[in-house]
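Overview (structure and organization)
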Amino acid sequence: MTRMVLARLRQAVPVVLGVATLVFLLIHMVPGDPVDAMLGESAVAIDKAELRHELKLDRPLLSQYAEFMTGIARGDLGVSFRTREPVAREILSRFPATLLLASASLAIALMIAVPLGIAAALRPRSWVDLLCGTSAMLGLSMPNFVIGPLLVLLFSIQLGVFPVSGYGGWRHLVLPALTLGSGMSAILMRMLRSSLLEEVGQEYVRTAIAKGMSATRAVVRHALPNALIPVATVLGLQFGALLAGSVITETIFSWPGIGRLMVQAIEARDYPLVQGCVLFVALLTVSVNLLVDLLYARLDPRIRHE
Amino acid sequence: MSSGVFNRMLRHRGAGAGLAFLGLLGAAALLAPAITPFDPAAQALDAGLSGASAAHWLGQDRLGRDILSRLLFGGRISLAVGLGTVALSIVPGTVIGALSGFFGGRIDTLFMRLCDLLLAFPGLLLAIAVTAMLGPSLPHVIFALSALGWVGYARLMRGQVLKVREMEYVQAARATGAKPLRLIARHVLPNALSPLIVEATFGIGRAVVAEAGLSFLGLGVTPPTPSWGSMIAEGRHFLFIAPHLTLAPGIAIMLTVMAFNFVGDGLRDAMDTRTAGTTAVRDGR
């Protein structure tokens, strides 16, 4: 196990460095001047030159790159062009909102997906299965920018129970979490159903039923734990994606998370902030993938012993 | 696609309906300039936000533009991005995946590390960054989505090739002296393609959603060209007084994506020999 962790960590290092380099290149090679974005295109040339010097944008690309990479090695992501705050502080101040939203969405997704997935798998081709399958298809086919406004229309405008947008108490959390959670629950439900159906056909489940265990109990006690293994993988990856910030949902509900921060940074051409955000997210993605792999090995002894 | 696969697919619940819907949508998108009752950009400010009427079946938006006409023209953009992105992703994806899986070794390591690197990027975000920096336009959207899109096809293809490569017929062809590129093109690729076709079907649906998402954020095609995503973004501000502005494009996206999902599900079931076998058994019971 330890060797596996170390090997995976060693693989992750070049990926993160590669991402950092790619982000740096992407941002510095494409057209668009942050100084123009900050001062407006009509600004006086001397002011522009001064700001450019202050932001060290007049230095050769290679020296900017070297400074960026040595900064990363020291854990220093630079200072935001716009707010002049350290990038790391900006990111960390937004991360709790994203974490909160991701956790709530995950909880909602599980609350919907697990019971419905089991119900559908217990009676395949029944009306329950059909209903679950249809609603899963609906959930899969509705992007967040469709679900979100629909939820606002129903719960905020028609019923007036939850606020339209914003960040505050639990009421503000419900609609964005439902938006993200419903799509995710559709994926999880479909996975759980098919993975359960596969397990139910196995001999150990038939044996349990033959020995007198009720079908429901055999499924829940024996088939479910095994069926959850592949679901856990998808769950982990989905959660990782949520932690990266959900740009669209955060935009719809004015949620002050990482996704929003990143879009704002891109719009303002705040190079250090964009770099920092993407790097942070990439690091998060790589760590979540690693954790999911380890979790997978933990849940399925066959992989551990390979 | 053989007629057997096609027939099996149509037997799948929803796949036939999905295909029919996509056919209609495709025809409507192609013929949009001829069949739309109004110019999608023609404004009628005094009729702004009005609901459905005999002349305007789906009502009018803030500037009085006909929503049905805008929806049909928006469908052109959605389908263009969907098909364009998949075409632009699947070709490099297939080539890279096939080479990687067939030759293994250093080529494989190099390509797969590149894939790992790109997969560490949050999906939509790279597209947002690329379109924000290149400027919003149709080709830029397709390019931005394909920049990451090929990775999935490459990995899928690689896995398939690894499997097919060891088959006896490939070994036999190799033994008769076939060159590697001929082996790949004539023997490996044709037998590794089915999951790619299924994936491409879902991929078109995903690209439609991604385009709408970018347009929703104001990074898709430039106005006044209508796009379903920008229509939702605009309509969202009038959710209180004119929900049809949001509902019409929302339902259009939903139906389109659902159609691609149904067809994809149907294709997967029809092409997966294992599932086809169990269905046959069940049919014979």
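Residues numbered from 1 in each chain as written. Chains lettered and ligands numbered in written order. Predicted model: local features only at pLDDT ≥ 70, side-chain atom pairs only at ≥ 80, totals over all residues. Heavy atoms only, no water.

**Overview of the overall build of chain A**
Definition in use: Under the DSSP-based scheme used, a helix requires at least four consecutive residues in state H or I and a strand at least two consecutive residues in state E, with every element numbered from the N terminus. The contact rule is simple, with two residues in contact once any of their heavy atoms fall within 4.5 Å. Reported accessibility uses the Shrake-Rupley method at a 1.4 Å probe radius. Residues are deemed covered only where the shown protein chains occlude them.
Scanning chain A from N- to C-terminus turns up 14 helices and zero strands. The order of helices and strands in chain A, counted from the N terminus, is α-α-α-α-α-α-α-α-α-α-α-α-α-α. Dimensions of chain A, computed from C-alpha atoms along their principal axes, come out at roughly 85 × 55 × 30 Å. Across chain A, the fraction of contacts at a sequence separation of at least 24, relative to all contacts at a separation of at least 6, is 72%. Counting only carbon and sulfur atoms, one obtains 64% of the accessible surface of chain A, whose full area is about 15200 Å².

**A short note on the interface of chain B and chain A**
Formally: Two parts placed together each lose some accessible area under a 1.4 Å probe, and adding up what both lose gives the buried area. Definition used for salt bridges: Asp or Glu carboxyl oxygen within 4 Å of a side-chain nitrogen of Lys or Arg. As used in this structure description, the phrase polar contact means that two N or O atoms lie within 3.5 Å; if the pair is within protein, one of them must be able to donate a hydrogen and the other to accept it, and residues adjacent in sequence are counted only when both atoms belong to side chains. Amino acids outside the nonpolar list (Ala, Val, Leu, Ile, Met, Phe, Trp, Tyr, Cys, Pro) and the charged list (Asp, Glu, Lys, Arg) are all regarded as polar, and Gly is one of them.
Listed as interface residues are 38 residues of chain B and, on the opposing side, 40 residues of chain A. Carbon and sulfur atoms supply 81% of the area that chain B and chain A bury against each other, a total of about 3400 Å² over both sides. The partner of Asp265 of chain B in a salt bridge is Arg190 of chain A, and the shortest N-O contact between them spans 3.1 Å. At the boundary of chain B and chain A, one finds three residue pairs in polar contact (both at pLDDT 80 or more). Of all the secondary structure elements, the ones that give two or more residues to the side of chain B that touches chain A are α4 (105-119), α5 (123-134), α9 (194-216) and α11 (244-271) of chain B. Among the elements that take part in the side of chain B that touches chain A, α11 of chain B stands out by supplying eleven residues, more than any other. Partitioning the side of chain B that touches chain A into residue classes produces 27 nonpolar, four polar and seven charged.

**Concerning the pattern of salt bridges**
What counts is decided by this rule: In this scheme, a residue with accessible area under 20% of its type's maximum is buried, one over 50% is exposed, and one in between is partly exposed, where area comes from a 1.4 Å probe on protein chains only.
For the coordinates displayed, the defined rule picks out eleven salt bridges over all chains. With a shortest N-O distance of 3.1 Å, Arg89 of chain A and Glu85 of chain A are connected by a salt bridge. The exposed category is assigned to Arg89 of chain A, whose relative accessible area is 52%. Judged by its relative accessible area of 31%, Glu85 of chain A falls in the partly exposed class. Across the pair Glu199 of chain B and Arg206 of chain B runs a salt bridge whose closest N-O atoms are separated by 2.8 Å. We classify Glu199 of chain B as partly exposed; its relative accessible area is 26%. Given a relative accessible area of 46%, Arg206 of chain B falls into the partly exposed group. Ionic contacts of the salt-bridge type, sharing partners, join the residues Arg190 of chain A together with Asp265 and Arg268 of chain B into one network.

**Side note on the confidence of the model for chain B**
Residues and elements named next belong to chain B. What counts, and what does not: What pLDDT expresses is the predictor's confidence in each residue, scored from 0 to 100.
Per-residue confidence for chain B gives a mean pLDDT of 83, with 94% of residues at or over 70. Per-element averaging of pLDDT across chain B places helix α12 (residues 273-284) at the bottom with 33 and helix α3 (residues 67-103) at the top with 91. Long-range and interchain partners of residues 273-285, a stretch whose pLDDT sits below 50, account for five contacts in this model, where long-range means more than four residues apart. Model confidence for the complex: the whole-complex pTM is 0.85, and ipTM, which rates the interface, is 0.82.

**Considerations on helix α7 (residues 144-158) of chain A**
Stated precisely, the cut-off is as follows: To estimate how far a helix should reach, multiply one less than its number of residues by 1.5 Å. Working definition for bend: take the seven residues up to and ending at a residue and the seven starting at it, fit an axis to each, and measure the angle between the axes.
Here α7 of chain A is 15 residues long and its end C-alpha atoms lie 20 Å apart, about the 21 Å a rise of 1.5 Å per residue gives. Approximately 25° is the largest bend angle found in α7 of chain A, and it occurs at Val152 of chain A. Among all positions in α7 of chain A, only Phe145, Val146, Ile147, Gly148, Pro149, Leu151, Val152, Leu153, Ser156 and Ile157 of chain A are buried. For α7 of chain A, the secondary structure elements touched by its buried residues are α8 (170-200) and α11 (247-252) of chain A together with α9, α10 (228-235) and α11 of chain B.

**A short note on the packing of α8 of chain A against helix α10 (residues 215-243) of chain A**
Each pair of packed helices gets described by two things: the angle between the helix axes and the distance between those axes. Residue and element names in this part refer to chain A. We apply this condition: Interaxial angle, 0 to 180 degrees, is taken between N-to-C directions of lines fitted to C-alpha atoms, where a helix line uses only the stretch in contact. The crossing is said to be left-handed when, going from far helix to near helix, the turn is anticlockwise and less than a right angle, and right-handed when the turn is clockwise.
The N-to-C vectors of α8 and α10 enclose an angle of 145°; their axes lie 8 Å apart at closest approach. Between α8 and α10 lies a crossing of right-handed hand. For the pair α8 and α10, contact is made by Leu180, Met184, Ile187, Leu188, Met191, Leu192, Ser195, Leu196, Glu199 and Val200 and by Val219, Ala223, Leu224, Asn226, Ala227, Leu228, Pro230, Val231, Val234, Leu235, Gln238 and Leu242, respectively. Across the contact of α8 with α10, the residue classes break down as 18 nonpolar, three polar and one charged.

**Some thoughts on unusual backbone geometry**
Residue and element names in this part refer to chain A. Here the phi dihedral of Arg84 falls at roughly 60°; this positive angle occurs in a residue that is not glycine. Within the secondary structure, Arg84 is located in the loop between α4 (61-73) and α5 (87-122). Residue classification places Arg84 among the partly exposed residues on the basis of a relative accessible area of 43%.

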